[in-house]
Amino acid sequence: MEKLRETWGSNIGFILAATGSAIGLGNIWKFPYITGDYGGGAFVLVYLACVLMIGLPLMVAELIIGRRAQKNPVKAFEKNHRAKSPWQLTGWLGMASGFIILSFYSVIAGWAMAYIFKSIRGFAGTSEQIQQQFVDLVLSPSGSIMWHTIFMVLVIGIVAGGIKGGIERWSKILMPALFMLLLGLMLHGLFNTTGGIAALNFLFAPDFSRLTAEAVLSALGHAFFTLSLGMGAMITYGSYMKKGSGIVKDAIIISFLDTFIALMAGVAIFSLVFHYGMEPGQSVGLIFKTLPVLFADTGPWVSVPFFILLTFAALTSGISLLEVVVVYFIDEKGWSRVKITLLAGGLVYIFGLLSAIATLTIPFRGSDQTFLDVFDFMTTNYMLPLGGLFTCLFIGWVMKEDDMAEEFGSRGMLLKLLRLALRYLTPIGIAMVLLHGLELLPFMDY
Ligand code: PHE
(Lines give C-alpha, C1' and ligand atoms only; values in the text may rest on other atoms or scores of the structure.)
Protein backbone atom coordinates (compact mmCIF):
# COMPACT_ATOMS: atom_id res chain seq x y z
CA MET A 1 0.00 0.00 0.00
CA GLU A 2 1.20 3.48 -0.74
CA LYS A 3 1.88 5.53 2.31
CA LEU A 4 -0.23 8.60 2.75
CA ARG A 5 1.60 11.69 1.60
CA GLU A 6 2.23 14.45 4.09
CA THR A 7 0.42 17.68 3.40
CA TRP A 8 0.80 21.27 4.48
CA GLY A 9 -0.62 22.07 7.91
CA SER A 10 -3.14 24.43 6.37
CA ASN A 11 -3.86 26.17 3.12
CA ILE A 12 -2.27 29.29 4.50
CA GLY A 13 0.79 27.17 5.16
CA PHE A 14 0.89 26.22 1.50
CA ILE A 15 0.46 29.80 0.35
CA LEU A 16 3.25 30.95 2.64
CA ALA A 17 5.60 28.26 1.48
CA ALA A 18 4.86 28.81 -2.21
CA THR A 19 5.10 32.57 -1.79
CA GLY A 20 8.33 31.99 0.10
CA SER A 21 9.66 30.07 -2.86
CA ALA A 22 8.55 32.75 -5.29
CA ILE A 23 9.72 35.78 -3.33
CA GLY A 24 13.46 35.88 -3.04
CA LEU A 25 16.53 37.35 -4.63
CA GLY A 26 14.61 37.37 -7.90
CA ASN A 27 12.38 40.14 -6.65
CA ILE A 28 14.76 42.29 -4.70
CA TRP A 29 18.15 41.70 -6.29
CA LYS A 30 17.42 40.57 -9.80
CA PHE A 31 14.34 42.44 -10.90
CA PRO A 32 15.83 45.89 -10.22
CA TYR A 33 19.16 45.03 -11.76
CA ILE A 34 17.89 43.56 -15.02
CA THR A 35 15.34 46.36 -15.29
CA GLY A 36 18.25 48.77 -14.97
CA ASP A 37 20.33 46.91 -17.53
CA TYR A 38 17.52 46.64 -20.08
CA GLY A 39 16.47 50.25 -19.79
CA GLY A 40 13.30 50.28 -17.67
CA GLY A 41 9.66 50.78 -18.70
CA ALA A 42 9.33 48.68 -21.83
CA PHE A 43 11.12 45.77 -20.18
CA VAL A 44 8.86 46.03 -17.12
CA LEU A 45 5.78 46.03 -19.31
CA VAL A 46 6.83 42.90 -21.19
CA TYR A 47 7.67 41.24 -17.88
CA LEU A 48 4.23 42.08 -16.46
CA ALA A 49 2.58 40.73 -19.61
CA CYS A 50 4.58 37.52 -19.28
CA VAL A 51 3.55 37.11 -15.64
CA LEU A 52 -0.10 37.54 -16.51
CA MET A 53 -0.36 35.64 -19.77
CA ILE A 54 2.23 32.93 -19.31
CA GLY A 55 3.23 32.76 -15.65
CA LEU A 56 -0.21 32.67 -14.10
CA PRO A 57 -1.70 29.92 -16.32
CA LEU A 58 1.47 27.93 -15.91
CA MET A 59 1.44 28.22 -12.15
CA VAL A 60 -2.11 26.86 -12.14
CA ALA A 61 -0.93 24.06 -14.45
CA GLU A 62 1.99 23.10 -12.21
CA LEU A 63 -0.15 23.08 -9.08
CA ILE A 64 -2.74 20.92 -10.82
CA ILE A 65 -0.13 18.45 -12.07
CA GLY A 66 1.44 18.24 -8.62
CA ARG A 67 -1.70 17.92 -6.58
CA ARG A 68 -3.26 15.43 -8.96
CA ALA A 69 -0.25 13.14 -8.84
CA GLN A 70 0.84 13.76 -5.24
CA LYS A 71 4.30 12.96 -6.52
CA ASN A 72 7.67 14.52 -7.24
CA PRO A 73 8.04 16.27 -10.62
CA VAL A 74 9.51 13.26 -12.45
CA LYS A 75 6.85 10.83 -11.27
CA ALA A 76 4.10 13.41 -11.56
CA PHE A 77 4.41 13.41 -15.35
CA GLU A 78 4.26 9.61 -15.43
CA LYS A 79 1.37 9.41 -13.02
CA ASN A 80 -0.68 11.87 -15.07
CA HIS A 81 0.12 10.03 -18.28
CA ARG A 82 1.58 6.51 -18.23
CA ALA A 83 4.56 4.58 -16.95
CA LYS A 84 7.81 5.45 -18.75
CA SER A 85 6.18 8.50 -20.25
CA PRO A 86 8.79 10.57 -22.12
CA TRP A 87 7.26 13.64 -20.49
CA GLN A 88 9.06 12.72 -17.29
CA LEU A 89 12.13 14.27 -18.94
CA THR A 90 10.53 17.59 -18.06
CA GLY A 91 10.95 16.62 -14.43
CA TRP A 92 14.60 15.77 -14.97
CA LEU A 93 15.17 19.04 -16.78
CA GLY A 94 13.65 20.79 -13.77
CA MET A 95 15.98 18.98 -11.39
CA ALA A 96 18.95 20.06 -13.50
CA SER A 97 17.70 23.66 -13.50
CA GLY A 98 17.20 23.60 -9.74
CA PHE A 99 20.70 22.26 -9.25
CA ILE A 100 22.36 24.94 -11.37
CA ILE A 101 20.21 27.80 -10.11
CA LEU A 102 20.88 26.98 -6.47
CA SER A 103 24.61 26.84 -7.18
CA PHE A 104 24.78 30.53 -8.08
CA TYR A 105 21.79 31.65 -6.02
CA SER A 106 23.71 30.67 -2.94
CA VAL A 107 26.59 32.95 -3.89
CA ILE A 108 24.31 35.98 -4.12
CA ALA A 109 22.48 35.03 -0.94
CA GLY A 110 25.95 34.85 0.58
CA TRP A 111 26.60 38.45 -0.40
CA ALA A 112 23.32 39.40 1.31
CA MET A 113 24.53 37.67 4.47
CA ALA A 114 27.89 39.38 4.27
CA TYR A 115 25.99 42.65 4.15
CA ILE A 116 24.24 41.88 7.44
CA PHE A 117 27.62 42.08 9.08
CA LYS A 118 28.77 45.05 7.06
CA SER A 119 25.57 46.77 8.20
CA ILE A 120 26.29 46.10 11.85
CA ARG A 121 29.63 47.82 11.43
CA GLY A 122 27.87 50.58 9.52
CA PHE A 123 28.48 52.13 6.12
CA ALA A 124 30.61 55.23 6.07
CA GLY A 125 32.59 57.28 3.62
CA THR A 126 31.80 58.67 0.22
CA SER A 127 29.31 57.00 -2.08
CA GLU A 128 32.25 55.69 -4.18
CA GLN A 129 33.89 54.15 -1.14
CA ILE A 130 30.66 52.45 -0.12
CA GLN A 131 30.16 51.07 -3.62
CA GLN A 132 33.74 49.87 -3.70
CA GLN A 133 33.01 47.59 -0.72
CA PHE A 134 30.86 45.44 -2.98
CA VAL A 135 33.55 45.14 -5.60
CA ASP A 136 36.03 44.14 -2.90
CA LEU A 137 33.69 41.46 -1.56
CA VAL A 138 33.02 39.95 -4.97
CA LEU A 139 36.61 39.97 -6.02
CA SER A 140 37.82 38.33 -2.84
CA PRO A 141 37.13 34.66 -3.52
CA SER A 142 37.64 33.74 0.12
CA GLY A 143 34.88 36.13 1.18
CA SER A 144 32.37 34.91 -1.39
CA ILE A 145 33.26 31.27 -0.77
CA MET A 146 32.88 31.60 2.97
CA TRP A 147 29.38 33.07 2.69
CA HIS A 148 28.39 30.61 -0.03
CA THR A 149 29.44 27.85 2.35
CA ILE A 150 27.38 29.23 5.21
CA PHE A 151 24.29 29.68 3.07
CA MET A 152 24.49 26.16 1.65
CA VAL A 153 24.92 24.73 5.14
CA LEU A 154 21.70 26.47 6.19
CA VAL A 155 19.77 25.28 3.14
CA ILE A 156 21.02 21.72 3.54
CA GLY A 157 20.21 21.76 7.25
CA ILE A 158 16.64 22.86 6.71
CA VAL A 159 15.91 20.56 3.78
CA ALA A 160 17.46 17.61 5.62
CA GLY A 161 15.09 18.25 8.52
CA GLY A 162 12.04 18.20 6.24
CA ILE A 163 10.69 21.44 4.97
CA LYS A 164 7.13 21.44 6.08
CA GLY A 165 7.39 22.24 9.78
CA GLY A 166 9.76 25.13 10.09
CA ILE A 167 8.94 27.09 6.99
CA GLU A 168 5.28 27.49 7.78
CA ARG A 169 6.05 28.84 11.22
CA TRP A 170 8.80 31.27 10.30
CA SER A 171 7.22 32.53 7.12
CA LYS A 172 4.19 33.69 9.01
CA ILE A 173 6.30 36.28 10.81
CA LEU A 174 9.12 37.06 8.46
CA MET A 175 7.30 37.45 5.16
CA PRO A 176 5.02 40.20 6.48
CA ALA A 177 8.05 41.84 8.07
CA LEU A 178 9.83 41.90 4.74
CA PHE A 179 6.74 43.36 3.16
CA MET A 180 6.51 46.18 5.71
CA LEU A 181 10.19 47.02 5.43
CA LEU A 182 10.02 47.23 1.65
CA LEU A 183 6.91 49.34 1.89
CA GLY A 184 8.81 51.71 4.16
CA LEU A 185 11.75 51.86 1.78
CA MET A 186 9.45 52.48 -1.16
CA LEU A 187 7.61 55.30 0.61
CA HIS A 188 10.93 56.77 1.64
CA GLY A 189 12.08 56.69 -1.98
CA LEU A 190 8.88 58.24 -3.27
CA PHE A 191 8.47 61.01 -0.75
CA ASN A 192 11.80 61.70 0.92
CA THR A 193 14.15 61.65 -2.02
CA THR A 194 14.36 63.70 -5.17
CA GLY A 195 14.38 60.52 -7.28
CA GLY A 196 10.81 59.29 -6.76
CA ILE A 197 9.28 60.72 -9.92
CA ALA A 198 12.27 59.77 -12.03
CA ALA A 199 12.02 56.23 -10.67
CA LEU A 200 8.34 55.95 -11.58
CA ASN A 201 9.10 57.29 -15.03
CA PHE A 202 11.97 54.91 -15.50
CA LEU A 203 9.90 51.91 -14.39
CA PHE A 204 6.57 52.65 -15.96
CA ALA A 205 7.03 54.90 -19.01
CA PRO A 206 7.91 52.46 -21.77
CA ASP A 207 10.43 53.36 -24.45
CA PHE A 208 10.06 50.55 -26.95
CA SER A 209 13.01 51.65 -29.03
CA ARG A 210 15.24 50.25 -26.29
CA LEU A 211 13.60 46.84 -26.28
CA THR A 212 16.03 44.32 -27.76
CA ALA A 213 15.31 40.68 -28.53
CA GLU A 214 17.46 39.77 -25.57
CA ALA A 215 15.42 42.04 -23.30
CA VAL A 216 12.20 40.30 -24.32
CA LEU A 217 13.75 36.91 -23.70
CA SER A 218 15.02 38.03 -20.32
CA ALA A 219 11.61 39.41 -19.37
CA LEU A 220 10.05 36.04 -20.08
CA GLY A 221 12.86 34.20 -18.32
CA HIS A 222 12.50 36.44 -15.33
CA ALA A 223 8.77 35.77 -15.12
CA PHE A 224 9.67 32.08 -14.76
CA PHE A 225 12.51 32.70 -12.36
CA THR A 226 10.63 35.00 -10.04
CA LEU A 227 7.52 32.81 -9.89
CA SER A 228 9.61 29.64 -9.43
CA LEU A 229 8.14 28.15 -12.59
CA GLY A 230 9.42 25.78 -15.24
CA MET A 231 11.44 23.57 -12.91
CA GLY A 232 8.98 21.64 -10.83
CA ALA A 233 9.07 23.70 -7.64
CA MET A 234 5.35 24.44 -7.86
CA ILE A 235 4.63 20.84 -8.88
CA THR A 236 6.42 19.73 -5.74
CA TYR A 237 4.71 22.23 -3.49
CA GLY A 238 1.37 21.44 -5.15
CA SER A 239 1.90 17.78 -4.39
CA TYR A 240 1.75 18.55 -0.68
CA MET A 241 -1.50 20.47 -1.12
CA LYS A 242 -4.73 19.23 0.35
CA LYS A 243 -7.46 18.40 -2.11
CA GLY A 244 -10.25 20.86 -2.43
CA SER A 245 -8.57 24.22 -2.01
CA GLY A 246 -8.94 26.68 -4.85
CA ILE A 247 -5.86 26.45 -7.02
CA VAL A 248 -6.64 29.45 -9.19
CA LYS A 249 -7.20 31.72 -6.24
CA ASP A 250 -3.95 30.57 -4.65
CA ALA A 251 -1.99 31.08 -7.87
CA ILE A 252 -3.37 34.60 -8.20
CA ILE A 253 -2.40 35.46 -4.63
CA ILE A 254 1.12 34.10 -5.04
CA SER A 255 1.74 35.82 -8.38
CA PHE A 256 0.28 39.07 -7.18
CA LEU A 257 2.36 39.20 -3.99
CA ASP A 258 5.48 38.28 -5.91
CA THR A 259 4.96 40.97 -8.54
CA PHE A 260 4.03 43.57 -5.98
CA ILE A 261 7.16 42.97 -3.93
CA ALA A 262 9.33 43.26 -7.03
CA LEU A 263 7.73 46.54 -8.02
CA MET A 264 8.13 47.92 -4.51
CA ALA A 265 11.78 46.97 -4.53
CA GLY A 266 12.14 48.58 -7.96
CA VAL A 267 10.65 51.89 -6.84
CA ALA A 268 12.70 51.89 -3.63
CA ILE A 269 15.96 51.27 -5.42
CA PHE A 270 15.55 53.46 -8.48
CA SER A 271 14.48 56.42 -6.33
CA LEU A 272 17.88 56.15 -4.69
CA VAL A 273 19.66 55.63 -7.99
CA PHE A 274 18.23 58.87 -9.36
CA HIS A 275 18.47 60.74 -6.08
CA TYR A 276 22.20 60.10 -5.86
CA GLY A 277 22.75 60.49 -9.59
CA MET A 278 23.92 56.91 -10.08
CA GLU A 279 23.72 54.74 -13.18
CA PRO A 280 20.66 52.41 -13.46
CA GLY A 281 22.62 49.74 -15.33
CA GLN A 282 24.91 48.37 -12.63
CA SER A 283 24.28 44.69 -13.24
CA VAL A 284 24.56 42.26 -10.35
CA GLY A 285 25.88 44.93 -7.97
CA LEU A 286 22.90 47.28 -8.16
CA ILE A 287 21.24 46.76 -4.77
CA PHE A 288 24.53 46.17 -2.99
CA LYS A 289 25.86 49.46 -4.28
CA THR A 290 22.83 51.72 -4.02
CA LEU A 291 21.09 50.71 -0.81
CA PRO A 292 24.14 51.00 1.45
CA VAL A 293 24.56 54.62 0.37
CA LEU A 294 21.13 55.27 1.86
CA PHE A 295 21.87 53.05 4.82
CA ALA A 296 24.89 55.19 5.64
CA ASP A 297 22.34 57.83 6.64
CA THR A 298 19.68 55.64 8.23
CA GLY A 299 22.07 53.56 10.29
CA PRO A 300 21.96 49.88 11.16
CA TRP A 301 18.33 49.99 12.35
CA VAL A 302 17.18 49.78 8.78
CA SER A 303 20.05 48.00 7.08
CA VAL A 304 20.46 45.09 9.48
CA PRO A 305 16.78 44.03 9.32
CA PHE A 306 16.81 44.56 5.57
CA PHE A 307 19.65 42.17 4.89
CA ILE A 308 18.38 39.66 7.45
CA LEU A 309 15.00 39.60 5.74
CA LEU A 310 16.61 39.40 2.30
CA THR A 311 18.63 36.43 3.49
CA PHE A 312 15.51 34.82 4.86
CA ALA A 313 13.67 35.38 1.59
CA ALA A 314 16.60 33.80 -0.24
CA LEU A 315 16.56 30.88 2.18
CA THR A 316 12.90 30.01 1.57
CA SER A 317 13.61 30.07 -2.17
CA GLY A 318 16.84 28.12 -1.88
CA ILE A 319 15.02 25.45 0.09
CA SER A 320 12.51 24.94 -2.69
CA LEU A 321 15.33 24.64 -5.22
CA LEU A 322 17.07 21.89 -3.28
CA GLU A 323 13.78 20.18 -2.40
CA VAL A 324 13.09 19.63 -6.10
CA VAL A 325 16.50 18.04 -6.57
CA VAL A 326 16.16 15.63 -3.63
CA VAL A 327 12.49 14.72 -3.45
CA TYR A 328 12.66 12.32 -6.39
CA PHE A 329 15.30 10.20 -4.69
CA ILE A 330 13.38 10.16 -1.43
CA ASP A 331 10.09 9.18 -3.07
CA GLU A 332 11.27 6.77 -5.70
CA LYS A 333 14.57 5.38 -4.54
CA GLY A 334 13.74 5.25 -0.88
CA TRP A 335 16.92 7.10 0.10
CA SER A 336 16.94 8.73 3.46
CA ARG A 337 16.21 12.44 3.33
CA VAL A 338 19.35 13.28 5.25
CA LYS A 339 21.62 11.22 3.03
CA ILE A 340 20.41 12.51 -0.33
CA THR A 341 20.18 16.09 0.91
CA LEU A 342 23.78 15.99 2.07
CA LEU A 343 24.90 14.43 -1.17
CA ALA A 344 22.96 16.67 -3.56
CA GLY A 345 23.56 19.78 -1.47
CA GLY A 346 27.26 18.97 -1.31
CA LEU A 347 27.45 18.66 -5.10
CA VAL A 348 25.55 21.91 -5.57
CA TYR A 349 28.00 23.51 -3.16
CA ILE A 350 31.04 22.32 -5.07
CA PHE A 351 29.54 23.33 -8.39
CA GLY A 352 28.73 26.72 -6.88
CA LEU A 353 32.41 27.41 -6.24
CA LEU A 354 32.69 28.22 -9.95
CA SER A 355 30.24 31.08 -9.45
CA ALA A 356 31.78 32.16 -6.16
CA ILE A 357 35.11 32.84 -7.79
CA ALA A 358 34.33 35.97 -9.76
CA THR A 359 37.78 36.11 -11.28
CA LEU A 360 37.09 32.93 -13.27
CA THR A 361 35.56 33.81 -16.61
CA ILE A 362 34.55 32.05 -19.80
CA PRO A 363 33.81 33.43 -23.24
CA PHE A 364 30.05 33.62 -23.72
CA ARG A 365 28.01 35.55 -26.28
CA GLY A 366 30.90 37.61 -27.46
CA SER A 367 32.58 38.59 -24.20
CA ASP A 368 34.29 37.11 -21.15
CA GLN A 369 31.71 36.49 -18.45
CA THR A 370 31.65 35.06 -14.96
CA PHE A 371 30.22 31.60 -14.43
CA LEU A 372 27.53 33.19 -12.30
CA ASP A 373 26.32 35.31 -15.22
CA VAL A 374 26.49 32.44 -17.68
CA PHE A 375 24.60 29.99 -15.45
CA ASP A 376 22.03 32.62 -14.61
CA PHE A 377 21.49 33.45 -18.28
CA MET A 378 21.25 29.82 -19.41
CA THR A 379 18.89 28.61 -16.71
CA THR A 380 16.65 31.65 -16.56
CA ASN A 381 16.34 32.32 -20.24
CA TYR A 382 16.46 28.84 -21.74
CA MET A 383 16.04 26.00 -19.26
CA LEU A 384 13.09 27.40 -17.29
CA PRO A 385 11.11 28.52 -20.37
CA LEU A 386 11.76 25.14 -21.97
CA GLY A 387 10.52 23.36 -18.85
CA GLY A 388 7.48 25.63 -18.89
CA LEU A 389 6.84 24.93 -22.56
CA PHE A 390 6.81 21.17 -21.99
CA THR A 391 4.63 21.58 -18.92
CA CYS A 392 1.88 23.47 -20.71
CA LEU A 393 2.03 21.20 -23.74
CA PHE A 394 1.69 18.29 -21.38
CA ILE A 395 -1.31 19.55 -19.47
CA GLY A 396 -2.95 20.99 -22.60
CA TRP A 397 -2.52 18.05 -24.95
CA VAL A 398 -1.53 14.95 -23.02
CA MET A 399 -3.13 14.91 -19.59
CA LYS A 400 -6.76 13.83 -19.53
CA GLU A 401 -9.13 16.75 -19.55
CA ASP A 402 -11.27 15.12 -16.88
CA ASP A 403 -8.33 14.80 -14.51
CA MET A 404 -7.49 18.40 -15.01
CA ALA A 405 -11.08 19.49 -14.53
CA GLU A 406 -11.37 17.51 -11.32
CA GLU A 407 -8.38 19.26 -9.77
CA PHE A 408 -9.53 22.56 -11.12
CA GLY A 409 -12.80 22.18 -9.26
CA SER A 410 -15.32 23.49 -11.76
CA ARG A 411 -16.09 23.08 -15.42
CA GLY A 412 -17.21 26.58 -16.25
CA MET A 413 -15.90 29.24 -18.54
CA LEU A 414 -12.72 29.71 -16.52
CA LEU A 415 -11.60 26.15 -17.14
CA LYS A 416 -12.26 26.53 -20.87
CA LEU A 417 -10.19 29.71 -20.94
CA LEU A 418 -7.37 28.09 -19.01
CA ARG A 419 -7.33 25.14 -21.38
CA LEU A 420 -7.23 27.40 -24.38
CA ALA A 421 -4.41 29.39 -22.84
CA LEU A 422 -2.39 26.28 -22.00
CA ARG A 423 -2.93 24.65 -25.38
CA TYR A 424 -2.21 27.63 -27.61
CA LEU A 425 -1.41 30.99 -26.06
CA THR A 426 1.22 29.94 -23.53
CA PRO A 427 3.21 27.47 -25.65
CA ILE A 428 3.16 29.67 -28.74
CA GLY A 429 4.12 32.67 -26.63
CA ILE A 430 7.05 30.86 -25.04
CA ALA A 431 8.21 29.38 -28.34
CA MET A 432 8.14 32.74 -30.05
CA VAL A 433 10.09 34.47 -27.33
CA LEU A 434 12.67 31.68 -27.32
CA LEU A 435 13.08 31.89 -31.09
CA HIS A 436 13.18 35.67 -30.93
CA GLY A 437 15.88 35.45 -28.27
CA LEU A 438 17.92 33.25 -30.59
CA GLU A 439 17.17 35.74 -33.37
CA LEU A 440 15.45 33.01 -35.36
CA LEU A 441 11.95 34.39 -35.84
CA PRO A 442 11.31 34.25 -39.59
CA PHE A 443 9.35 37.51 -39.97
CA MET A 444 11.75 39.74 -38.03
CA ASP A 445 14.96 41.14 -39.40
CA TYR A 446 17.84 41.02 -36.97
N1 PHE B 1 11.64 32.52 -7.30
C2 PHE B 1 12.91 32.62 -6.63
C3 PHE B 1 13.30 34.09 -6.56
O4 PHE B 1 12.68 34.92 -7.19
C5 PHE B 1 13.98 31.80 -7.26
C6 PHE B 1 13.55 30.42 -7.64
C7 PHE B 1 13.53 30.03 -8.96
C8 PHE B 1 13.13 29.52 -6.67
C9 PHE B 1 13.08 28.80 -9.34
C10 PHE B 1 12.68 28.26 -7.02
C11 PHE B 1 12.65 27.90 -8.35
O12 PHE B 1 14.22 34.44 -5.90
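See above for the structure.
Owing to the predicted nature of the structure, the values given are computational and were not obtained by experimental measurement.

The next thing to look at is the packing of aromatic side chains. Per the counting criterion, the structure on display carries 34 aromatic pairs. Through a chain of ring-to-ring contacts, the aromatic side chains of W111, Y115, F123, F134, F288, F295, F306 and F307 assemble into a single cluster. The ring of W335 is capped by K339, whose NZ or CZ atom sits 5.1 Å from the centre of that ring. We note R423 situated over the ring of W397; from NZ or CZ to the ring centre the distance is 3.9 Å.

On a regular strand, each side chain points to the face opposite its neighbour's, so the side chains alternate between the two faces of the sheet. Sheet topology note: the strand β1 (residues 361-364)/strand β2 (residues 367-370) ladder contains four bridges and is antiparallel. Of the residues in β2, the one forming a bridge with F364 is S367.

For helix α12 (residues 247-275), with 29 residues, the first-to-last C-alpha span of 42 Å sits near the 42 Å given by 1.5 Å per residue. Once α12 ends, the next one or two residues include G277, with phi positive near 65 degrees.

Of all hydrophobic cores here, the largest spans 157 residues; its most connected members are F14, I28, I64, W111, F288, F306 and L322. Those residues in contact with F288, other than ones at most four positions away along the chain, are W29, I108, W111, A112, Y115, F134 and F307.

With that settled, the discussion passes to the site of the ligand. Surveying the vicinity of the ligand reveals 14 residues, the closest of which are A22, G26, Y105, F225 and S228. At 2.8 Å, a backbone N or O of F225 approaches a nitrogen atom of the ligand. Burial of the ligand by the protein amounts to 100% of the accessible area it has alone, namely 330 Å². Elements supplying a minimum of two residues to the shell around the ligand: α1 (11-22), α2 (25-37), α10 (213-226) and α14 (300-333). The class makeup of the residues in the shell around the ligand is six nonpolar, eight polar and no charged.

Cut-off values and rules
Residues numbered from 1 in each chain as written. Predicted model: local features only at pLDDT ≥ 70, side-chain atom pairs only at ≥ 80, totals over all residues. Heavy atoms only, no water. Phe/Tyr/Trp six-rings, centres within 6.5 Å; stacked < 30°, edge-to-face > 60°. Lys NZ or Arg CZ within 6 Å of the ring centre and 35° of its normal. Pairing = 2+ DSSP bridges. Helix = DSSP H or I, 4+ residues; strand = E, 2+ residues; numbered from the N terminus. Expected span 1.5 Å × (residues − 1). Core = buried A, V, L, I, M, F, W, Y, C linked by side-chain atoms within 4.5 Å. Buried < 20%, exposed > 50% of the residue type's maximum accessible area, 1.4 Å probe, protein only. Contact = heavy atoms within 4.5 Å. Near = heavy atom within 4 Å. Polar contact = N/O pair within 3.5 Å; in protein donor to acceptor, adjacent residues only side chain to side chain. Areas by Shrake-Rupley, 256 points an atom, 1.4 Å probe, with all protein chains shown as cover. Nonpolar A, V, L, I, M, F, W, Y, C, P; charged D, E, K, R; others polar.

Worth remembering: the numbers are spatial, not functional.
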